[in-house]
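Breakdown of the fold
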Amino acid sequence: MSSIEFKNVSKSYDKVEIIINLNLKIKQGDFVSLLGPSGCGKTTILRMISGLEENSEGEIYLDDRIISNPNQNIFMAPEKRNMGMVFQSYAVWPHMNVFKNVAYPLKIKGFSKSEIKIKVFEALKLVELDSLSDRMPNQLSGGQQQRVALARGLVMNPCVLLLDEPLSNLDAKLREKMRIDIRRLQQKLKMTCVYVTHDQLEAFSMSDQIFLLNSGQVEQSGTPDQIKKNPINSFVKNFIS
Amino acid sequence: MRNISVSHKILILISFLLIFVLCVYPYLNFFNKIFIESFNLKLIIKVFTSSMFVKALFNSLKLALLVSLLCSLVATPLAWLLTRTNLKTRQIWKKLFTLSYAIPPYLGAIAWIKLCNPSNGILNNILGVNFNIYSITGLTIVLSSFFFTFILLNLMDTLGRMDATYEEAALLSGSSYIGVFFKITFPLIKNSFLSGFFLIFLSVMASFGVPAIIGIPGGIFLLTTQIYTYQKLGSLSGIYMSGILAHGLFLITFVLIMIQIYLQKKSYKLVSGKSSRLNLIKLRKSQPYINIILFILFFIIFILPILTLLISALSKTQGIYSFKNFTLDNFKYLFSLNETLRSFRNSLILSSSVTLICLFLGFIFSYVVFTLGKSKKQLINFLISLPYSTPGTVLALAIIFSFGGKVFGVNLGLYNTIGLIIISYIIKYLYFSFKTTEDAFYQVDISLIEAAKLSGAKWHHILIDIWYPMVKPAILASAFLIFLPALSELTMTILLTGPGLETIGTLLFQLQEYSDITGGTASALAIIVILLIMVLFLLFQLLNLVIKREKI
C-alpha cells in the first residue's frame, strides 16, 4: 500500500483551469474522501492519480516517486501504475463472465492459470460473489456488478484503490450495505482508498480523512469530526448541514 | 502524443501511409499522368468541345434530375406511410421495399428490355402499346425503380426518430394534417431528404450498368458510358481522352457534393437522436386500398422484372408462353461455358477477400481515428469517403493509371490481374466498414477502456480484448454491405477485367451485350444471381437476429 502527494498541481482544459494549485497528502492505509458538489474537480483529481488524465502543472508523488511532472516530461502511463479503480458506471466488460472480468488484470500480468484461479476466487470471496463466477454481467443486478468491479480492482493487489462515485447508481438500501462492506474490506486489507463522492453522508461515515472541494480548490481538510466541529467557512457549513 | 507508445505510433504511421496510398495517391497520380506528364491541350479542348461531350453531359444531368424527382415523388409519401401511420402491413412493406437495395440495377435493365423493347416487348404486346425502353424515359423508370430506396431508407430512418411533439404542437395550434406535413414535418426532415436526393442524383451520374445496357443501344450516352467507349477504343489517344473526360465527371461530382454540403448547412438540425413515441395517424377504411396501391407498386418494380427473367430463363423460344416451351436448356448451356464457373469462382474470391481486408482495415483505421481524437476525424473521414463518392468509372481509370504499371517506381505487374480488381474494390468499399465500425467505437462506454488500462493492459491488449468484441456486431453488419455489392460489381470491373478475369457482373454484361440479345442465357444467369443474393440477404437477416439476441 502506498501514499500519494500532490504538489502545486493544476489542470486546465482549453485554458479553463479546473484544478488550481492543489496540494494534498493521502497517507498510506487511509480511507480518504474527495467530497464536493458536481463540477468541483473531484473526479479530475482521481483521474490524475490514476493517470487517465495528465496534470498541466505541478508534481504527483506515489510514495517517494514522482509519477507525473509535465515540466520534467515525467509521466507514468496508467497501465503501469498498478492502481485499482471502480467506476461510477461499473465498467464491467459485458462480453466476459464474472471470472474473466476479475481475472483480466492477472492475465495481462502473465500469472499462471492456477494462480489466477486462486487469486480470483479470493477476491470474489471478499465481495461475496464466489458462487456467481460463471454468470455474465447482464445476469447480475447493479449491486452485484459493482462488486465485480470492486473484485477486479482488488485482485491485482493494487497500491491504491480509487473509487469514483461507486454507489450513486444503486438504490438507497443497497447503498447503505455497500458502504459498510467497502469500509470493512478496506480496514481488513489496510488499503489506501481514495473515494470520490458528492454525498456527505457517505464521506462522513466511511473516511479517515476528508478533502472538501469547491471550484478546483480544497476548502477544508481533516477527519470527519474536525470538519463537523469546526467548519472553516460558510461554504463548508452549508455543504455539510 | 507523449503518452502513446512507440508500437502504437508505428500503427498510426502505417495507417496514415495506407490511407494516403489508397485514397489520395490514385487521384494525384491520375491528374499528374493526364494533365502534367502527357499534357496535350489540343486533346483536352477536343474532348470538352466535342458534341459527344455536350450531349453526354446534358443527358447525364437531365437523367439524374428526372430520376431524383421521380424517386422523391414516390418515396416521400411512401416513407411517411410506413413510419407515421397505423397501416397494419407496414412492417412487411418496409422489408419488401428495401429488398431492391440488394439487387444490382443492371439485372432490372435486362428484364425491362424484355418487357418493353420496341420490336417484341412482352409488356408492349400485352398492353398493345409501343413503349420504347431505349429512351430517357426508359432509363428514368429502370433507374428509379432501384434508386428510390436510397431516399426511402433515409426518410424512414429520420421520420422514425423524429420527436412527435413538434407535430402535436402544430396540430393543437389548429393546423390540419396536410398543413402539418408541409409546414412542420417537411422542414424538419429536409436534411435527410436532401441527402437522399443528392445520393440519387450522384448515383445516376455515376451509374454505368443500366446506361450501358439500355442507353447505348438507344444511342443515349452518359458521361460514364462515353468514358467507357473512349477507353474501349484501345488506342492511346482513346485512353487519354477517357482520362480527360473522367476528370470532367469527377469535377462535376465534386461540385455537386459541395452544393449539397452548402444546402444542408442551411437547414435545421432538430431531429433528436433518441427515439421518442410516435403519433401514428389513424387510417381506417383506406387501409385495403393503400395495400392494393403498394402491391401494384411493388409488383411493377420488383415482381414483374424477376418474373420476366424467370420465364425467359425457362423458355426454349423467347416470347412464347406455354408449358411446351419450358426448358432447362438455357441453364445447361450457361454451365457448358468455361466462363461461367470461372466467373463465379472469381467473384467469390474477390468479394470474400475484399470483405475480409476491408473489415480489418476499417477496424484498424477507426481505432486510429478514435485514439487521435476529433481533430483528425473529419479529415480521415473525408479521405476515406472520397473513393466511395467518386464514380466507379473514374476510380477504375485512376487505379489503372496508379497501380497498373509502376507504383512508386516499382513494377508490381498488376495490370490484367485479379490483384488490380481487389485493390479497386478495397478502395471503393473501405468506407462502408470504416464508417460503420467508427460509429460503433463512439458508442462504447469509455470507462470500459479505462478499466482495462488500469488493469495494466497495453494498447494492443485493449484493441483485441475489449475494442474488438465491443464493435464486432458493427463489423459483421458491414460485411454484408461490402460482400453483396462486390459480388456483382460491374462499373469498375468492366474497365479492369482481362482475359480469364470474368466476374459474374462482366459475364452478364457480355452475354447481354454481345452473344445473346434475345436468348435466355443472360436471364438464366440473372436468375441465379438473384437467388444467390436472396439467400445471402436472408442469411444476413438471420445473423442480425442472432447478434441482437446476444446483445440482450
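The following paragraphs examine the structure supplied in this document. (Residues numbered from 1 in each chain as written. Chains lettered and ligands numbered in written order. Predicted model: local features only at pLDDT ≥ 70, side-chain atom pairs only at ≥ 80, totals over all residues. Heavy atoms only, no water.)

1. Digging into the overall build of chain B
As a reminder of what qualifies: Secondary structure follows DSSP: runs of H or I at least 4 residues long count as helices, runs of E at least 2 residues long count as strands, and numbering of each begins at the N terminus. What the globule rule says is 2.2 Å times the number of residues to the power 0.38, and the radius of gyration is computed from C-alpha atoms. Contacts: residue pairs with any heavy atoms within 4.5 Å of one another. To be clear on the numbers: accessible area is Shrake-Rupley with a 1.4 Å probe, and residue cover counts the displayed protein chains and nothing else. In this tally, Asp and Glu contribute negative charge and Lys and Arg positive charge; neither His nor the terminal groups of the chain are included. Charge coordinates come from a single atom per side chain, which is NZ of Lys, CZ of Arg, CG of Asp or CD of Glu.
Secondary structure assignment for chain B yields 24 helices and two strands. Relative to the 2.2 N^0.38 estimate, which gives 24 Å for 552 residues, the radius of gyration of chain B is 25 Å and therefore close to what a compact globule would have. The long-range share in chain B, meaning contacts at least 24 apart out of those at least 6 apart in sequence, stands at 79%. Total accessible area on chain B stands at roughly 25,200 Å², and carbon and sulfur atoms take up 70% of it. Separation of charge centres in chain B, based on 42 positive and 17 negative side chains, amounts to 6 Å.

2. Here's the deal with the interface of chain A and chain B
Let me state the cut-off plainly: Salt bridge, as used here: a side-chain nitrogen of Lys or Arg that lies within 4 Å of a carboxyl oxygen of Asp or Glu. Gly falls in the polar group here, along with every residue not listed as nonpolar (Ala, Val, Leu, Ile, Met, Phe, Trp, Tyr, Cys, Pro) or charged (Asp, Glu, Lys, Arg).
Between chain A and chain B, the contact holds 28 residues from the first and 21 residues from the second. For the interface between chain A and chain B, the tally reads one salt bridge. A salt bridge links Arg47 of chain A to Glu450 of chain B, with the shortest nitrogen-to-oxygen separation between them at 2.5 Å. Among the secondary structure elements, those contributing two or more residues to the side of chain A that touches chain B are α1 (42-50), β6 (74-75), β7 (83-86) and α2 (98-109) of chain A. At five residues, the largest contribution of residues to the side of chain A that touches chain B is made by α2 of chain A. For the side of chain A that touches chain B, a count of residues per class yields 17 nonpolar, five polar and six charged.

3. Structural notes on the sheet that holds strand β11 (residues 217-222) of chain A
Residues and elements named next belong to chain A. Stated formally: Only strands that DSSP links by at least two bridges are regarded as paired with each other. Axis definition: a line fit to C-alpha positions, over the contact stretch in the case of helices; interaxial angles, taken between N-to-C directions, run 0 to 180 degrees.
Spatial ordering of the open sheet is given by β7-β8-β9-β3-β10-β11, a layout of six strands whose pairing is mixed. Looking at the sheet topology across the chains shown, the edges are occupied by β7 and β11. Here the strands of the sheet are splayed against their neighbours by 15° on average, with no regard to which way each runs. The pairing of strand β10 (residues 209-214) with β11 spans five bridges and is antiparallel. The partner of Ile210 across the bridge, within β11, is Gly222.

4. Observations concerning the environment of Asn40 of chain B
On the secondary structure map, Asn40 of chain B appears in the loop between α2 (25-37) and α3 (41-49). C-alpha separation for the pair Asn40 of chain B and Tyr240 of chain B, spaced 200 residues apart in sequence, amounts to 9.3 Å.

5. Details of the packing of aromatic side chains
All names here are of chain B. The cut-off we apply is this: Within 6.5 Å between ring centres, the rings of Phe, Tyr and Trp (the latter by its six-membered ring) count as paired, and their orientation is classed by plane angle as stacked under 30 degrees, edge-to-face over 60, tilted in between. Accessibility here uses a 1.4 Å probe with only protein chains present; expressed as a share of the type maximum, an area under 20% marks a residue as buried, one over 50% as exposed, and anything in between as partly exposed.
One pass over the structure, following the stated rule, counts 38 aromatic pairs over all chains. Measuring from ring centre to ring centre gives 6.3 Å for Tyr367 and Trp459, while their planes differ by 20°; the resulting arrangement is stacked. Placement of the pair is Tyr367 in helix α16 (residues 338-372) and Trp459 in helix α21 (residues 459-487), with a sequence separation of 92 residues. For Trp459, a relative accessible area of 17% gives the class buried. Seen from their ring centres, Tyr388 and Tyr431 are 5.0 Å apart, and the 25° between their planes marks the pair as stacked.

6. Some details on the sheet that holds strand β2 (residues 16-26) of chain A
Backbone-to-backbone hydrogen bonds pair the strands of a sheet. The strands run either parallel or antiparallel. Residues and elements named next belong to chain A. Read from one edge to the other, the open sheet built from five strands follows the order β2-β1-β4-β5-β6, with strand pairing classed as antiparallel. In this open sheet, the two strands that pair with only one neighbour each are β2 and β6. As defined by bridge partners, strand β4 (residues 57-62) adjoins strand β5 (residues 65-69) across three bridges and the pair is classed as antiparallel. When the bridges of β5 are listed, Leu62 appears paired with Arg65. This element, α1, spans β1 (4-13), β2, β4 and β5 of the sheet and lies at about 115° to β1.

7. Some words on the packing of helix α12 (residues 223-232) of chain B against helix α13 (residues 236-265) of chain B
Residue and element names in this part refer to chain B. Operational definition: Just so you know how the angles are binned, under 35 degrees is roughly parallel, over 145 roughly antiparallel, 65 to 115 roughly perpendicular, and the rest oblique. We call a crossing left-handed when the near helix sits turned anticlockwise from the far one by less than a right angle, and right-handed when that turn is clockwise.
Here α12 crosses α13 at 160°, and the two axes come no closer than 7 Å. Between α12 and α13, the interaxial angle falls into the category roughly antiparallel. Like other packed secondary-structure pairs, α12 and α13 cross with a definite hand, here left-handed. Contact with α12, carried on its side by Leu223, Thr224, Gln226, Ile227, Tyr230 and Gln231, involves Gly238, Ile239, Met241, Ser242, Leu245, Ala246, Leu249 and Ile252 of α13 and no other residues of that element. Of the residues that constitute the contact of α12 with α13, the class distribution is nine nonpolar, five polar and no charged.

8. With respect to a nonpolar patch on the surface
Quick reminder of the rule: A patch is a set of surface residues, each over 30% in relative accessible area and not in a salt bridge, joined within 9 Å for like charges and within 5 Å for the nonpolar side chains Val, Leu, Ile, Met, Phe, Trp and Tyr.
Judged by side-chain polarity, Tyr289, Ile292, Phe295, Ile296, Phe299, Ile300, Leu307, Leu310, Ile311 and Tyr321 of chain B come together as a nonpolar surface patch covering roughly 950 Å² of accessible area. If you trace the backbone, Phe299 of chain B turns up in helix α14 (residues 287-313).

9. Details of unusual backbone geometry
Trans peptide bonds make up the majority, and among non-glycine residues the majority have a negative phi. All names here are of chain A. Phi at Asn73 is positive, roughly 60°, even though this residue is not glycine. With respect to the helices, strands and loops of the structure, Asn73 is situated in the loop between β5 and β6. Non-glycine residue Ser215 carries a positive phi angle of around 45°. Take Ser215: it is sitting in the loop between β10 and β11. Taking relative accessible area as the criterion, Ser215 reaches 46% and is therefore assigned partly exposed.

10. A short note on the state of the cysteines
Going by this rule: Note on terminology: disulfide denotes any pair of cysteine sulfur atoms within 2.5 Å.
Counted under the stated rule, the structure contains zero disulfides over all chains. With no disulfide of its own, Cys40 of chain A lies 19 Å from the sulfur of Cys193 of chain A, the closest cysteine sulfur. Among the cysteines around Cys358 of chain B, which has no disulfide bond, Cys23 of chain B carries the closest sulfur, lying 10 Å off. With a relative accessible area of 0%, Cys358 of chain B lands in the buried category.

11. A closer look at helix α15 (residues 329-336) of chain B
Using the following cut-off: The arc in question is traced by the directions running from the helix axis to the C-beta atoms.
Along α15 of chain B, the residues classified as buried are Asn330, Phe331 and Leu334 of chain B. Along the axis of α15 of chain B, the buried residues cluster in a sector spanning 100°; they form a single face.

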